[in-house]
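In case you want the letters, here they are:
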Amino acid sequence: SPDGKYEKGVHNAAEQFPRPKTSKDYIYGTAGFRMKGEELPYITMQVGVLAGMRSRKCGGQVIGVMITASHNKAEDNGVKIVDPQGEMLEQEWEKHATYLANAVDPSEAANAYMWLVKELKVDQKKPGKVFFARDTRPSGETLVKALKAGLSATGIDACDYGILTTPQLHYLVKAANTQDTSHPYGEVSEEGYYKKLAAAYKTAMDNAKPAGQLTVDCANGVGAPKLKEMLKHLPSEGKRAVNIRIVNDKIDKPEALNEKCGADHVKSGQRVPDGFDGKPYERWASFDGDADRIVYYFNEEGPVFRLLDGDRIATLAASFIGELVHKAGLSDKMTIAVVQTAYANGSSTKYIEQNLKLKVECTATGVKHLHHTAARSDVGVYFEANGHGTVLFSPQTLKRIHNHKPESPAQLEALDTLKALTDLINQTVGDAISDMLLVEVILANKEYSVKEWLATYTDMPNRLAKVRVADRTMFVCRPGSAERKLDEPKEFQDMIDAVVVKYKDGRAFVRPSGTEDVVRVYAEAAESFDCDHMMLELNQAFEARKLAQA
Ligand code: G16
């Protein structure tokens, strides 16, 4: 390093934030590193070191670091790196993060740093810049100190954005790296984020009327204060006035985070959150702990719970964008594709292919996989069933939309709405606030109530469960199967297949989680009681192979 200064700096930082004594290997997983917050300072310091290198390597462009454990418990935390265009860290670099995180002591840390500098040909004299933020978890404060230690140890210019939602940080990174280009993404400030979304929302609502009140469960997380901020920028009077009520906003009670509320609780358990007081057909939505996921739902009389999850948002968005493209006279200029994962409800896939007549692709879980696939299309709509997703418009497509000359007032109207959507949608990553505004705009424009939205197709009954296992790394998905089949443990897939064939339209899969110490089990079938039965049999298969842990 410049006179060995940074090498020594890393050594010192690793002394200040030593690696916990553990036999565990840390892995940069589905969404970066995730574990108990108290275990994370060393790793976070190392993430700072790597983010700085990445910035130097990317010609000094801003790199982001987000400290959050999103949907996980309050005592957990996590840290992940955001690349220059606001995407997830390039996969090739994940192993470098894993490598640094597993250097056992200060000398190894310093050596690992120097080895990577050489290996990646990082010019340490070049400037580097990192933006970072955290969610509301109390452990975030210590982790910020550790992160700063890693950054300053290696001479990186850092900018602390305090508490933000994950997608807001992604926005800022992209905004910073595009500000001097011909297509700036937006102002480089939290305020700029609200202004961009608010302006787009107003245009997209020009010819529509909001469809009654929406109540948003913010999981007692960062989404609560940020949604409140967002509301200040949206019209509160007149025909476009938003009518949004916020519940579960207790961020001063850290233990309440994601506790019996939030998108994951609602989606996995197919149930309303604590604090629910909705009357039949009242529209509700839940964010997760860092506000990058959203699901909608309501009760019918009974009450019968009805979920409008990521698949529903994807189909709603794809159909509306398809209509706008058609009305604007752009049909022959762009194609729309939808990207899903194995968790997508079979009915949603059928509906997209048969009714919307769009191409569907299936990838592994993790936004990084969906995002890359979606980016190959002109318009790529991607959503995980859990409510994490967005819509990508390729640069070429954006150009076509902006250069298009409408030939009638109707074409003009559709084109203006389409243009507004390209600004309303946070194209860097799934964003609960942005996705919520998107859904609200679509429902208002289509004059849809939740009832009509639900009626577009009928979900296959399904169940989602977690199984605790001794070692989730024993479970290995079959390459190329988009996690729908397992290769390991040997012959376990045969047992799953033997269960599934017994049920009409049965489908099930088992995959190791990348964010929790569990394996996930998904099952769907034509009949609800078949799902329960199938789940029971799958659980028995775990027992039979002694894979489950009490
Ligand atoms: C993260 C990822 C999502 C993924 C989820 C669960 O979400 O960003 O793409 O679906 O974890 O992943 P897994 O099943 O591997 O545990 P979040 O909202 O927690 O950041």
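Predicted model, so just to flag it, every value in this text is computed and none were measured. (Residues numbered from 1 in each chain as written. Predicted model: local features only at pLDDT ≥ 70, side-chain atom pairs only at ≥ 80, totals over all residues. Heavy atoms only, no water.)

(A) Region of the structure containing the overall build of the protein chain. Counting secondary structure elements, the protein chain contains 18 helices and 19 strands. Its C-alpha atoms give the protein chain a radius of gyration of 23 Å, near enough to 24 Å, the size a compact globule of 550 residues would have. Overall size of the protein chain, expressed as C-alpha extent along the three principal axes, is 65 × 60 × 45 Å. Buried positions account for 58% of the 550 residues belonging to the protein chain. Here the contacts in the protein chain between residues at least 6 apart in sequence split such that 70% fall between residues at least 24 apart. If you sum the accessible surface of the protein chain, you get close to 22,200 Å²; carbon and sulfur atoms cover 50% of it. (Helix = DSSP H or I, 4+ residues; strand = E, 2+ residues; numbered from the N terminus. Rg over C-alpha atoms; globule rule 2.2 N^0.38 Å. Buried < 20%, exposed > 50% of the residue type's maximum accessible area, 1.4 Å probe, protein only. Contact = heavy atoms within 4.5 Å. Areas by Shrake-Rupley, 256 points an atom, 1.4 Å probe, with all protein chains shown as cover.)

(B) Just the state of the cysteines, in detail. This model, assessed by the stated rule, comprises 0 disulfides. You can see Cys218 has no disulfide; the closest cysteine sulfur is in Cys261, sitting 9.5 Å from it. Owing to a relative accessible area of 0%, Cys218 belongs among the buried residues under this scheme. (Disulfide = S-S within 2.5 Å.)

(C) Structural detail: the site of the ligand. Surveying the vicinity of the ligand reveals 19 residues, the closest of which are His71, Glu384, Ser513, Thr515 and Arg520. Note that an oxygen atom of the ligand is positioned 3.0 Å from one of the side-chain N or O atoms of Thr30. Considering the ligand on its own, with 460 Å² of exposed area, one finds that the protein chains cover 98% of that surface. Among the residues making up the shell around the ligand, the classes are represented as 2 nonpolar, 10 polar and 7 charged. (Near = heavy atom within 4 Å. Polar contact = N/O pair within 3.5 Å; in protein donor to acceptor, adjacent residues only side chain to side chain. Nonpolar A, V, L, I, M, F, W, Y, C, P; charged D, E, K, R; others polar.)

(D) Spatial organisation of the pairing of strand 18 (residues 507-512). Extensive coverage of strand 18 is indicated by the burial of 5 of its 6 residues. Relative to strand 19 (residues 518-524), strand 18 runs antiparallel, the two being bridged by 6 bridges. Note that in strand 19 the partner of Arg511 across the bridge is Arg520. (Pairing = 2+ DSSP bridges.)

(E) Region of interest: the pattern of salt bridges. The tally for this structure, following the rule as stated, stands at 37 salt bridges. A salt bridge links Arg54 to Asp83; the nearest nitrogen and oxygen atoms lie 2.8 Å apart. Taken together, the positions of Arg54 in helix 2 (residues 41-57) and Asp83 in the loop between strand 3 (76-82) and helix 3 (91-101) put the pair 29 residues apart, joining distant regions of the chain. Across the pair, Asp83 and Arg54 agree in class, each one buried. In this structure, the salt-bridge partner of Glu516 is Arg520, at a minimum N-O distance of 2.9 Å. Given a relative accessible area of 11%, Glu516 falls into the buried group. Among the ionic contacts, a cluster of salt bridges with common partners joins Arg54, Asp83 and Glu90. (Salt bridge = Lys/Arg side-chain N within 4 Å of Asp/Glu carboxyl O.)

(F) Layout of the domain arrangement of the protein chain. One can read the domain layout of the protein chain as domain 1 (2-163), domain 2 (199-307), domain 3 (310-454) and domain 4 (462-544). The C-alpha-based centres of domain 2 and domain 3 are spaced at 21 Å. With 31 residues of domain 2 at the interface, the matching set in domain 3 holds 32 residues. Applying the counting rule to domain 2 against domain 3 returns 1 salt bridge. Among the ionic pairs, Glu440 bridges to Arg283, the shortest N-O distance being 2.6 Å. Remark: the boundary between domain 2 and domain 3 carries 7 residue pairs in polar contact (both at pLDDT 80 or more). Going through the elements one at a time, helix 7 (190-204), strand 6 (214-217), helix 8 (223-233), strand 8 (283-287), strand 9 (294-300) and strand 10 (304-308) are the ones with two or more residues in the side of domain 2 that touches domain 3. With 5 residues, the top contributor of residues to the side of domain 2 that touches domain 3 is strand 9. (Domains from an automatic or database assignment.)

(G) Region of interest: the environment of Glu94. Mapped onto the secondary structure, Glu94 falls in helix 3. Exposure remark for Glu94: the relative accessible area of 12% places this residue in the buried category. It is 5.9 Å that separates the C-alpha atoms of Glu94 and Tyr28, two residues lying 66 residues apart in sequence. Setting aside residues up to four positions removed in sequence, Glu94 forms contacts with Tyr28, Leu89 and Lys368.

(H) Quick peek at the sheet that holds strand 10. Spatial strand order, 7-6-8-9-10: 5 strands in an open sheet with mixed pairing. The open sheet has two edge strands, strand 7 (244-247) and strand 10, and neither has a second partner. On average, each strand axis in the sheet is inclined to that of its neighbour by 25°, with strand direction left out of account. Pairing of strand 9 with strand 10, which is carried by 5 bridges, proceeds in the antiparallel orientation. Following the sheet pairing, Glu300 is matched in strand 10 by Val304. Here helix 8 sits on the sheet and contacts strand 6, strand 7 and strand 8; the angle it forms with strand 7, its principal contact strand, is near 160°. Against the sheet, helix 15 (residues 432-446) makes contact with strand 6, strand 7, strand 8 and strand 9, and its axis sits at roughly 50° relative to strand 9, the strand it touches most. (Axes fitted to C-alpha atoms, helices over the stretch in contact; angles between N-to-C directions.)

(I) Quick look at helix 4 (residues 106-119). Taking 1.5 Å of rise per residue, the 14 residues of helix 4 would be expected to cover 20 Å, and the 20 Å separating its terminal C-alpha atoms lies within 8% of that figure. Listing the buried residues of helix 4 in full gives Ala109, Ala110, Ala112, Tyr113, Leu116 and Val117. The buried side chains of helix 4 occupy one side of the element, clustering within an arc of 160° when seen end-on. Buried residues in helix 4 make contact with helix 1 (5-16), helix 2 and helix 3. Looking one or two places after helix 4, you find Lys121, whose phi comes out positive at around 55°. (Expected span 1.5 Å × (residues − 1). Arc of directions from axis to C-beta.)

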